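# Fold and contact review
The lines below spell out each chain.
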Amino acid sequence: PCPAPRRERPRLLVAWRSSVRRFVGFASLMPQIALHWRTIGGGDIRVIEHVHHDPTTIVAAYSGADAVVGMIGTALMWGVLLPPGGVIVEIARSYGCVAERGVTGWNASGVCEYGGDSRVFGQHHLSVVLPSKSGDTKRGYGQRWEYVALDVWHAVLNTTLCRLQHPDSPASGGDADPCPVDTLVAALGPRKHNPLPQSRDRAALERT
């Protein structure tokens, strides 16, 4: 079993990618994301773009967190530095092992990149597969940004904090799991399209 997190109010790290698969509208959503995290009992929250920091800073940020949330990519590989019992939330849409399997849930795969890492290092892995149209699909420019709605963020944070508070419980998604993903799946399911305009202006997309 995984030990409990080190703090009463767990710290959250959001990995914001620097080129492809960025969170669209994230700058405007961040205050609401932070407020929700603290309202439900979370502690400090920090955003990091790992390509802009030296290894020492990156190691300190990840090892000082209890959970990391990010799009699939190199930034999540640093999640191995989370303490045992920590949570890695991998969000994917059209790229990677988890997206190909199409499974949203706890520890859905022990062979995919971050699911395998979390199993080896005694952490919990939550895969979140976005609807196919929740982002940019244009080839060439394609997949530069991903749309994660605020209700999806809330469901992700609720489920993440629950797992940190119940690190020894079965993470199966079944009746015995105190942290089911039903609300998260419901938030993802009905969304057929991204309501934000597609644009080549990355700065405008991030402010939306």
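Here, the structure is the one placed above.
The structure displayed is predicted, hence computed values, not measured ones.

### Structural notes on helix H2 (residues 55-63)
Of all the positions in H2, only Ile58, Ala61 and Tyr62 are classed as buried. Mapping the buried residues of H2 onto a view down its axis gives an arc of 90°, with all of them on the same face. Buried residues in H2 make contact with strand S1 (12-15), strand S3 (45-48), strand S4 (67-71) and helix H3 (74-77). The residue sitting at the N-terminus of H2 and contributing the capping side-chain oxygen is Asp54; that oxygen lies 3.0 Å from the backbone nitrogen of Thr56.

### Points about the sheet that holds strand S6 (residues 105-106)
The strand order across the open sheet built from six strands is S3-S1-S4-S5-S7-S6, with neighbouring strands paired in mixed fashion. Of all the strands in the sheet, the pair left with one neighbour each is S3 and S6. Two strands pair when backbone bridges link them, and S1 and S4 are joined in this way by four bridges, in the parallel orientation. What sits directly across from Val14, in S4, is Val69. Of the strands in this sheet, strand S5 (87-92) and strand S7 (124-129) are in contact with helix H5 (residues 113-120), which crosses S7 at around 165°. Strands S1, S4, S5, S6 and S7 of the sheet are contacted by helix H6 (residues 150-165), whose axis makes an angle of about 155° with S5.

### Points about the pairing of S7
By the criterion of burial, S7 is predominantly enclosed, with six of the six residues buried. The alternating pattern of S7 places His124, Leu126 and Val128 and His125, Ser127 and Val129 on opposite faces, both of which are buried. Of the strand pairs in this sheet, S5 and S7 are connected by six bridges, and their pairing is parallel. Looking at the pairing, Glu90 lines up with Ser127 of S7. As paired elements, S6 and S7 share two bridges and run antiparallel to each other. Within S7, the residue paired with Trp106 across the bridge is Leu126.

### Some details on the nonpolar core
Counting residues in hydrophobic clusters, the biggest one holds 39 residues, and the most contacted among them are Phe23, Ile91, Trp153 and Leu184. Elements represented by at least two residues in this core include exactly S1, helix H1 (26-39), S4, S5, S7, H6 and helix H7 (182-188). Residue contributions to this core peak at eight residues, all from H6. By size, the runner-up hydrophobic cluster in this structure holds 16 residues, among which are Ala61, Ala75, Ala92 and Ala99.

### Describing the state of the cysteines
The tally for this structure, following the rule as stated, stands at two disulfides. Covalent S-S linkage joins Cys97 and Cys112, the inter-sulfur distance amounting to 1.9 Å. One quick way to see it: the torsion about the S-S bond of Cys97 and Cys112 is about -65°, and its sign makes the bridge left-handed. Within this pair, whereas Cys97 is found in helix H4 (residues 97-101), its partner Cys112 is found in the loop between S6 and H5, the two being separated by 15 residues in sequence. Residue Cys112 is classed as buried on the basis of its relative accessible area of 1%.

### A short note on the packing of aromatic side chains
Geometrically, a pair of aromatic rings is defined through the distance of the ring centres and the angle of the planes. Following the criterion strictly, the structure yields five aromatic pairs and no others. Ring geometry for Phe23 versus Phe26: centroids 5.7 Å apart, planes at 35°, classification tilted. Taking relative accessible area as the criterion, Phe23 reaches 2% and is therefore assigned buried. For Phe26, a relative accessible area of 2% puts it in the buried group. When the ring of Phe23 is compared with that of Trp153, the centres are 5.1 Å apart and the planes differ by 70°; the resulting orientation is edge-to-face. Linking Phe23 in strand S2 (residues 22-23) with Trp153 in helix H6, this pair joins segments that are 130 residues apart in sequence. Taken together, the aromatic side chains of Trp16, Phe23, Phe26 and Trp153 make up a single cluster linked through ring pairs. Taking the ring centre of Trp106 as reference, the NZ or CZ of Arg163 above it sits at 4.5 Å.

Definitions and cut-offs
- Residues numbered from 1 in each chain as written.
- Predicted model: local features only at pLDDT ≥ 70, side-chain atom pairs only at ≥ 80, totals over all residues.
- Heavy atoms only, no water.
- Buried < 20%, exposed > 50% of the residue type's maximum accessible area, 1.4 Å probe, protein only.
- Helix = DSSP H or I, 4+ residues; strand = E, 2+ residues; numbered from the N terminus.
- Arc of directions from axis to C-beta.
- Contact = heavy atoms within 4.5 Å.
- Polar contact = N/O pair within 3.5 Å; in protein donor to acceptor, adjacent residues only side chain to side chain.
- Pairing = 2+ DSSP bridges.
- Axes fitted to C-alpha atoms, helices over the stretch in contact; angles between N-to-C directions.
- Core = buried A, V, L, I, M, F, W, Y, C linked by side-chain atoms within 4.5 Å.
- Disulfide = S-S within 2.5 Å.
- Phe/Tyr/Trp six-rings, centres within 6.5 Å; stacked < 30°, edge-to-face > 60°.
- Lys NZ or Arg CZ within 6 Å of the ring centre and 35° of its normal.

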